[in-house]
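Architecture at a glance
In case you want the letters, here they are:
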Amino acid sequence: MNLVIGCTVGCPYCYARNNVRRFHTIEDFSRPEFFPDKMRRMETPCPHNFLLTGMSDLSGWKPEWTEQVFAKIRENPQHQFLFLTKRPDLLRMDTDLENAWFGVTVTRRSELWRIDRLRENVHAKHYHVTFEPLFDDPGEVNLHGMEWIVIGTMTGAQSRKVRTSPEWVQSLTEQAHALDIPVFWKEDLVPIMGEENMVQELPEAYKNILEKQRSWHKSTWTAF
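In short, a report on the structure. (Residues numbered from 1 in each chain as written. Predicted model: local features only at pLDDT ≥ 70, side-chain atom pairs only at ≥ 80, totals over all residues. Heavy atoms only, no water.)

The subject of this paragraph is unusual backbone geometry. With omega at -15°, the peptide bond leading from Glu132 into Pro133 counts as cis. For Pro133, the location among the structural elements is in the loop between β8 (126–131) and β9 (149–151). The phi dihedral of Asp180 is positive, around 60°, even though this residue is not glycine. Summarising the element assignment, Asp180 is placed in the loop between α4 (166–178) and β10 (183–185). (Helix = DSSP H or I, 4+ residues; strand = E, 2+ residues; numbered from the N terminus.)

Right, dumping it as C-alpha coordinates:
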(Lines give C-alpha, C1' and ligand atoms only; values in the text may rest on other atoms or scores of the structure.)
Protein backbone atom coordinates (compact mmCIF):
# COMPACT_ATOMS: atom_id res chain seq x y z
CA MET A 1 0.00 0.00 0.00
CA ASN A 2 2.00 2.95 -1.30
CA LEU A 3 0.60 5.77 0.84
CA VAL A 4 3.67 7.86 0.04
CA ILE A 5 5.46 7.84 -3.31
CA GLY A 6 8.89 9.41 -3.58
CA CYS A 7 12.17 9.27 -1.69
CA THR A 8 14.99 11.66 -0.79
CA VAL A 9 17.69 9.01 -0.17
CA GLY A 10 18.71 8.62 -3.82
CA CYS A 11 19.99 5.02 -4.09
CA PRO A 12 21.41 4.38 -7.59
CA TYR A 13 19.70 0.97 -7.82
CA CYS A 14 16.21 2.18 -6.80
CA TYR A 15 13.48 0.22 -8.59
CA ALA A 16 10.77 2.55 -7.26
CA ARG A 17 12.30 5.60 -8.92
CA ASN A 18 12.55 3.71 -12.20
CA ASN A 19 8.88 2.69 -11.97
CA VAL A 20 7.80 6.27 -11.31
CA ARG A 21 9.76 7.48 -14.32
CA ARG A 22 8.23 4.76 -16.47
CA PHE A 23 4.62 5.22 -15.41
CA HIS A 24 4.76 8.95 -14.49
CA THR A 25 3.13 8.31 -11.10
CA ILE A 26 4.39 11.63 -9.70
CA GLU A 27 6.35 14.45 -11.29
CA ASP A 28 9.48 14.40 -9.11
CA PHE A 29 10.48 11.22 -7.23
CA SER A 30 12.86 13.20 -5.00
CA ARG A 31 9.85 15.09 -3.55
CA PRO A 32 7.62 12.53 -1.76
CA GLU A 33 3.86 12.90 -2.11
CA PHE A 34 1.18 11.59 0.28
CA PHE A 35 -1.98 9.82 -0.94
CA PRO A 36 -4.24 9.63 2.16
CA ASP A 37 -7.25 8.27 0.26
CA LYS A 38 -5.41 4.95 -0.04
CA MET A 39 -5.79 4.48 3.71
CA ARG A 40 -9.36 3.37 3.06
CA ARG A 41 -7.90 -0.04 2.18
CA MET A 42 -7.04 -0.44 5.87
CA GLU A 43 -10.74 -0.52 6.69
CA THR A 44 -11.24 -3.97 5.17
CA PRO A 45 -12.17 -6.43 7.93
CA CYS A 46 -10.21 -9.22 6.20
CA PRO A 47 -6.73 -9.26 7.83
CA HIS A 48 -3.73 -8.28 5.69
CA ASN A 49 0.02 -7.84 5.97
CA PHE A 50 0.76 -4.39 4.53
CA LEU A 51 4.13 -2.93 3.48
CA LEU A 52 3.68 0.84 3.64
CA THR A 53 7.05 1.97 2.27
CA GLY A 54 7.43 0.06 -0.98
CA MET A 55 7.74 3.33 -2.93
CA SER A 56 9.13 5.60 -0.21
CA ASP A 57 11.39 5.80 2.84
CA LEU A 58 9.90 6.44 6.27
CA SER A 59 12.53 9.10 6.94
CA GLY A 60 11.03 11.19 4.12
CA TRP A 61 7.50 11.20 5.54
CA LYS A 62 6.24 14.48 6.97
CA PRO A 63 5.22 14.30 10.66
CA GLU A 64 1.59 15.02 9.84
CA TRP A 65 1.52 12.09 7.38
CA THR A 66 2.95 9.76 10.01
CA GLU A 67 0.40 10.93 12.58
CA GLN A 68 -2.51 10.24 10.23
CA VAL A 69 -1.19 6.81 9.28
CA PHE A 70 -0.44 5.78 12.88
CA ALA A 71 -3.96 6.81 13.91
CA LYS A 72 -5.42 4.69 11.13
CA ILE A 73 -3.24 1.73 12.10
CA ARG A 74 -4.50 1.99 15.67
CA GLU A 75 -8.07 1.86 14.39
CA ASN A 76 -7.37 -1.36 12.44
CA PRO A 77 -5.67 -3.93 14.71
CA GLN A 78 -6.73 -6.77 12.38
CA HIS A 79 -3.74 -6.01 10.10
CA GLN A 80 0.06 -6.02 10.45
CA PHE A 81 2.03 -3.10 8.98
CA LEU A 82 5.69 -2.88 7.86
CA PHE A 83 7.83 0.24 7.55
CA LEU A 84 11.37 0.45 6.14
CA THR A 85 14.03 3.15 6.16
CA LYS A 86 17.63 3.64 5.09
CA ARG A 87 18.01 6.75 7.25
CA PRO A 88 17.06 5.83 10.82
CA ASP A 89 19.43 8.58 11.95
CA LEU A 90 16.79 11.09 10.76
CA LEU A 91 13.96 9.50 12.74
CA ARG A 92 12.73 10.17 16.26
CA MET A 93 9.73 8.00 17.04
CA ASP A 94 8.06 6.55 20.10
CA THR A 95 5.01 4.34 19.56
CA ASP A 96 3.18 1.59 21.40
CA LEU A 97 1.45 0.24 18.28
CA GLU A 98 1.20 -3.53 18.61
CA ASN A 99 0.77 -4.17 14.87
CA ALA A 100 3.49 -1.92 13.40
CA TRP A 101 6.96 -3.22 12.46
CA PHE A 102 9.88 -0.88 11.88
CA GLY A 103 12.93 -1.95 9.92
CA VAL A 104 16.06 -0.82 8.15
CA THR A 105 17.55 -1.80 4.82
CA VAL A 106 21.21 -2.88 4.94
CA THR A 107 23.05 -3.65 1.69
CA ARG A 108 26.68 -3.83 2.88
CA ARG A 109 28.84 -4.01 5.99
CA SER A 110 29.38 -0.24 6.06
CA GLU A 111 25.62 0.22 6.64
CA LEU A 112 25.30 -1.94 9.76
CA TRP A 113 25.12 1.26 11.82
CA ARG A 114 21.52 1.54 10.60
CA ILE A 115 20.46 -1.32 12.88
CA ASP A 116 21.92 0.45 15.92
CA ARG A 117 20.26 3.78 15.01
CA LEU A 118 16.92 2.01 14.53
CA ARG A 119 17.05 0.65 18.07
CA GLU A 120 18.14 4.02 19.45
CA ASN A 121 15.82 6.37 17.54
CA VAL A 122 12.65 4.34 16.98
CA HIS A 123 11.11 3.07 20.20
CA ALA A 124 8.59 0.49 19.04
CA LYS A 125 7.23 -2.99 19.74
CA HIS A 126 8.68 -4.76 16.68
CA TYR A 127 11.87 -4.48 14.60
CA HIS A 128 13.14 -6.15 11.44
CA VAL A 129 16.03 -5.90 8.96
CA THR A 130 16.08 -6.32 5.19
CA PHE A 131 19.45 -7.22 3.66
CA GLU A 132 18.61 -6.37 0.07
CA PRO A 133 20.28 -6.13 -2.33
CA LEU A 134 23.20 -7.69 -0.47
CA PHE A 135 26.39 -6.27 -2.00
CA ASP A 136 29.08 -7.67 0.31
CA ASP A 137 29.69 -9.83 3.36
CA PRO A 138 28.16 -8.06 6.39
CA GLY A 139 30.19 -10.26 8.74
CA GLU A 140 29.05 -10.53 12.34
CA VAL A 141 25.80 -8.62 12.86
CA ASN A 142 24.17 -7.52 16.12
CA LEU A 143 20.61 -8.75 15.55
CA HIS A 144 19.42 -8.54 19.14
CA GLY A 145 15.91 -7.13 19.32
CA MET A 146 15.13 -7.97 15.70
CA GLU A 147 12.13 -10.25 15.09
CA TRP A 148 12.58 -10.94 11.39
CA ILE A 149 15.22 -10.64 8.69
CA VAL A 150 14.74 -10.69 4.92
CA ILE A 151 17.58 -11.36 2.47
CA GLY A 152 17.63 -10.65 -1.27
CA THR A 153 19.96 -9.85 -4.14
CA MET A 154 20.17 -7.45 -7.06
CA THR A 155 17.73 -7.99 -9.90
CA GLY A 156 17.43 -6.60 -13.41
CA ALA A 157 20.26 -5.49 -15.67
CA GLN A 158 22.60 -4.65 -12.79
CA SER A 159 22.43 -8.23 -11.49
CA ARG A 160 25.02 -9.18 -14.12
CA LYS A 161 27.55 -6.96 -12.34
CA VAL A 162 26.58 -7.62 -8.71
CA ARG A 163 26.20 -11.12 -7.29
CA THR A 164 25.36 -12.05 -3.73
CA SER A 165 27.55 -14.85 -2.40
CA PRO A 166 25.81 -17.93 -0.94
CA GLU A 167 28.21 -17.77 2.03
CA TRP A 168 26.95 -14.32 3.02
CA VAL A 169 23.34 -15.48 2.92
CA GLN A 170 24.10 -18.61 4.90
CA SER A 171 26.06 -16.70 7.54
CA LEU A 172 23.25 -14.20 8.12
CA THR A 173 20.74 -17.02 8.32
CA GLU A 174 22.77 -18.93 10.88
CA GLN A 175 23.28 -15.82 13.00
CA ALA A 176 19.54 -15.13 12.98
CA HIS A 177 18.58 -18.72 13.74
CA ALA A 178 20.98 -18.73 16.70
CA LEU A 179 18.70 -16.05 18.17
CA ASP A 180 15.48 -17.81 17.04
CA ILE A 181 14.80 -15.07 14.49
CA PRO A 182 12.84 -16.21 11.42
CA VAL A 183 14.53 -15.63 8.05
CA PHE A 184 12.95 -15.07 4.65
CA TRP A 185 14.97 -15.51 1.45
CA LYS A 186 13.39 -13.64 -1.45
CA GLU A 187 12.67 -15.51 -4.67
CA ASP A 188 15.56 -13.76 -6.44
CA LEU A 189 17.92 -15.95 -4.39
CA VAL A 190 16.68 -19.17 -6.01
CA PRO A 191 19.38 -19.15 -8.76
CA ILE A 192 22.05 -18.56 -6.10
CA MET A 193 20.90 -20.78 -3.23
CA GLY A 194 18.89 -23.44 -5.11
CA GLU A 195 15.15 -24.04 -4.96
CA GLU A 196 15.55 -27.03 -2.65
CA ASN A 197 17.47 -24.96 -0.08
CA MET A 198 15.18 -21.95 0.14
CA VAL A 199 14.37 -20.61 3.60
CA GLN A 200 11.15 -18.61 3.74
CA GLU A 201 10.07 -18.15 7.34
CA LEU A 202 7.61 -15.60 8.70
CA PRO A 203 7.07 -14.19 12.19
CA GLU A 204 4.11 -15.71 14.00
CA ALA A 205 2.12 -12.49 13.65
CA TYR A 206 2.37 -12.67 9.86
CA LYS A 207 1.62 -16.37 9.71
CA ASN A 208 -1.47 -15.77 11.83
CA ILE A 209 -2.68 -13.17 9.33
CA LEU A 210 -2.29 -15.60 6.45
CA GLU A 211 -4.20 -18.27 8.36
CA LYS A 212 -7.00 -15.80 9.10
CA GLN A 213 -7.07 -14.80 5.43
CA ARG A 214 -7.51 -18.41 4.37
CA SER A 215 -10.32 -18.90 6.87
CA TRP A 216 -11.92 -15.64 5.80
CA HIS A 217 -11.88 -16.51 2.12
CA LYS A 218 -13.08 -20.05 2.79
CA SER A 219 -16.03 -18.85 4.85
CA THR A 220 -16.90 -16.21 2.24
CA TRP A 221 -16.80 -18.81 -0.54
CA THR A 222 -18.94 -21.21 1.51
CA ALA A 223 -21.52 -18.49 2.05
CA PHE A 224 -22.07 -18.33 -1.70
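So much for the structure itself; the text now carries on.
Ranked by size, the top nonpolar core spans 50 residues in total, and within it Leu52, Val69, Phe83, Phe102, Phe131, Ile149 and Ile151 carry the most contacts. Contact partners of Ile151, with chain neighbours within four places excluded, come to Phe131, Leu134, Val169, Leu172, Thr173, Val183, Phe184, Trp185, Lys186 and Leu189. Counting residues in hydrophobic clusters, the runner-up holds eight residues, among them Ile5, Cys7, Cys14 and Ile26. (Core = buried A, V, L, I, M, F, W, Y, C linked by side-chain atoms within 4.5 Å. Buried < 20%, exposed > 50% of the residue type's maximum accessible area, 1.4 Å probe, protein only. Contact = heavy atoms within 4.5 Å.)

Across all of its chains, the model carries twelve salt bridges by this definition. Between Glu111 and Arg114 there is a salt bridge, and its shortest N-O distance comes to 3.1 Å. A residue is classified by how much of its surface remains accessible, and Glu111, at 10% relative accessible area, is buried. Classification of Arg114 as buried rests on a relative accessible area of 9%. (Salt bridge = Lys/Arg side-chain N within 4 Å of Asp/Glu carboxyl O.)

Spatial strand order, β3-β4-β6-β8-β9-β10: six strands in an open sheet with parallel pairing. For this open sheet the edge positions go to β3 (49–51) and β10, each flanked by a neighbour on one side alone. On average, each strand axis in the sheet is inclined to that of its neighbour by 20°, with strand direction left out of account. Direction of pairing for strand β6 (residues 100–105) relative to β8: parallel, over a ladder of five bridges. Bridge pairing in β8 links Val104 to Val129. (Pairing = 2+ DSSP bridges. Axes fitted to C-alpha atoms, helices over the stretch in contact; angles between N-to-C directions.)

Glancing now at the pairing of β8. Burial within β8 is extensive, with six of its six residues counted as buried. Burial of β8 is two-sided: the residues His126, His128 and Thr130 facing one way and the residues Tyr127, Val129 and Phe131 facing the other way are all buried.

Right, let's get into the layout of surface pockets. Of the volumes computed, that of the largest pocket is approximately 990 Å³. Forming the walls of the largest pocket are 42 residues, and the residues nearest its centre are Tyr15, Gly54, Leu84, Glu132 and Lys186. Counting only elements with at least two residues in the lining of the largest pocket, the list comes to α1 (15–23), β3, β4 (80–85), β8 and α6 (204–223). A per-element tally of the lining of the largest pocket places α1 first, with four residues. The class makeup of the residues in the lining of the largest pocket is 22 nonpolar, 14 polar and six charged. Roughly 190 Å³ of volume is contained in the second largest pocket. Trp61, Pro63, Thr66, Arg92 and Met93 are the residues nearest the centre of the second largest pocket, which is lined by 13 residues in total. Mapped onto the lining of the second largest pocket, the elements with two or more residues apiece are α2 (63–75) and β5 (93–94). The biggest single contributor to the lining of the second largest pocket is α2, with four residues. Across the lining of the second largest pocket, the residue classes break down as seven nonpolar, three polar and three charged. (1 Å grid on protein atoms, 1.4 Å probe; cavity = no way out; pocket = protein on both sides within 12 Å on 5 of 7 lines; lining within 4 Å. Points joined across faces, edges and corners; volume = space filled by probe spheres on them. Nonpolar A, V, L, I, M, F, W, Y, C, P; charged D, E, K, R; others polar.)

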